[in-house]
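Residues per chain are reported as follows:
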Amino acid sequence: MADKAFDGRVVVIGAGVMGSALTRAVRATKPDEIVVVEPDPARRASMAATGVSVHDELGDALTGAQVVVLAVKPPVVPEVLVQVSKDLDPGATVVSVAAGVPLAVYEKVLPGTPVVRVMPNTPILVGKGVCALAAGTAATEEHLALVEQLLAATGLVVRVAEPELDAVTAVSGSGPAYGFYLIDAMAEAGVLLGLSRELALRLAAATVEGAGALAVRSKGHPAVLRERVSSPGGTTVAAVAELDARAVRAAVVAAARAAHTRSVELGQDT
């Protein structure tokens, strides 16, 4: 099926960290006809400075909208949906990045409207993020293809079933924090061993970035990649043995399980 053309405007509701990042990503694929709605004056000014058309409220901003992106905090989603329902054009696609809010919440207020839930992560700020898409009952292949086009500049875009989004949240949604945690620990080790903090941070961050890039490019199992840098009796073997002795792998799995549990709880609270 042919991709749906960009024949209308894209409206992003909310200019926080995720809303701003998504706006920049969408502009990379659709530079014209993008509008941001944000009640906070400082955020509006920041977005306006980038050349984006900014509104302080909904209403006329939704006129002609082909895609409406909800980038607001989960607790205010129901209130915003009621406002959106008053002015949403027939045939518009609604995209939500509000963590934990089920598709059923949107479809109850917007029956028959194509809705796509997206679980992004913060590295979309630099085009190295992950966005997982889950389609609502009225969203077709055409709508999913449209959203994929809009998010192409964010990094990796994958499709999942809605029940899988909690697991996605545990792995990639919260995952950058695990990476930052590791970078911080590696840098701290460098300082302990005599490096300057600035150099240690640069080394740690670049090493984690490089390892991730190599894993993606090679498509090999990470265990095999690890073995390739683990000479018998060498430094890496000694280091990995210490990680295993301290149950680091189990700790990461436990952390992801805790994130998954909390994601499920947030969905139940909506």
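First, a word on what this report is: a plain description of the structure on this page. (Residues numbered from 1 in each chain as written. Predicted model: local features only at pLDDT ≥ 70, side-chain atom pairs only at ≥ 80, totals over all residues. Heavy atoms only, no water.)

As a further point, take empty space enclosed by the protein. Using the criterion set out here, one finds two cavities of 30 Å³ or more in the structure. For the largest cavity, the calculated volume is near 60 Å³. As for the largest cavity, its lining consists of Val97, Ala98, Ala99, Gly100, Arg117, Val118, Met119, Leu165, Asp166, Thr169 and Ser263. Counting residues per element, the ones that place at least two in the lining of the largest cavity are strand 6 (115–120) and helix 6 (165–173). Within the lining of the largest cavity, the residues separate by chemical class into six nonpolar, three polar and two charged. (1 Å grid on protein atoms, 1.4 Å probe; cavity = no way out; pocket = protein on both sides within 12 Å on 5 of 7 lines; lining within 4 Å. Points joined across faces, edges and corners; volume = space filled by probe spheres on them. Helix = DSSP H or I, 4+ residues; strand = E, 2+ residues; numbered from the N terminus. Nonpolar A, V, L, I, M, F, W, Y, C, P; charged D, E, K, R; others polar.)

Take the packing of helix 7 (residues 175–192) against helix 8 (residues 197–218) next. The interhelical angle for the contact between helix 7 and helix 8, taken along N-to-C directions, is 140 degrees, at an axis separation of 8 Å. In this view, helix 7 runs oblique relative to helix 8, as classed from their interaxial angle. Here helix 7 and helix 8 pass one another in a crossing that is right-handed. Residues Leu182, Ile183, Met186, Ala187, Glu188, Gly190 and Val191 of helix 7 form the contact with helix 8, whose participating residues are Arg197, Ala200, Leu201, Ala204, Ala205, Thr207 and Val208. In terms of residue class, the contact of helix 7 with helix 8 is built from ten nonpolar, two polar and two charged. (Axes fitted to C-alpha atoms, helices over the stretch in contact; angles between N-to-C directions. Parallel < 35°, antiparallel > 145°, perpendicular 65-115°, else oblique. Left-handed = near helix turned anticlockwise from the far one by under 90°. Contact = heavy atoms within 4.5 Å.)

Another aspect to go through is the side chain of His143. Position of His143 among the secondary structure elements: in helix 5 (residues 141–150). Accessibility expressed as a relative area gives 9% for His143, which makes it buried. There is a polar contact of 2.9 Å between the side chain of His143 and the backbone nitrogen of Thr140. (Buried < 20%, exposed > 50% of the residue type's maximum accessible area, 1.4 Å probe, protein only. Polar contact = N/O pair within 3.5 Å; in protein donor to acceptor, adjacent residues only side chain to side chain.)

Inspection of the entire model under this criterion finds seven salt bridges. The salt bridge involving Glu242 is made with Arg246; its shortest N-O contact spans 2.8 Å. Glu242 sits in the partly exposed class, given a relative accessible area of 39%. Among the residues examined, Arg246 registers a relative accessible area of 63% and is labelled exposed. The residue Glu265 makes a salt bridge to Arg262 at a minimum N-O spacing of 3.1 Å. Here Glu265 pairs with Arg262, and both are found in helix 11 (residues 248–269), just three residues apart, close to one helical turn. Judged by relative accessible area, which is 33%, Glu265 ranks as partly exposed. Assessed through its relative accessible area of 42%, Arg262 is described here as partly exposed. Members of the salt-bridge network, linked through shared partners, are Glu141, Glu148 and Arg159. (Salt bridge = Lys/Arg side-chain N within 4 Å of Asp/Glu carboxyl O.)

Taken as a whole, the second largest pocket spans an internal volume of roughly 900 Å³. In this structure, the second largest pocket is lined by 37 residues; those nearest its centre are Ala71, Val72, Lys73, Pro74 and Ala98. Contributions of two or more residues to the lining of the second largest pocket are made by helix 1 (17–29), helix 3 (77–87), strand 6, helix 6 and helix 11. Ranked by residues supplied to the lining of the second largest pocket, first place goes to helix 11 with four residues.

Any link to function would need more than the numbers given here.
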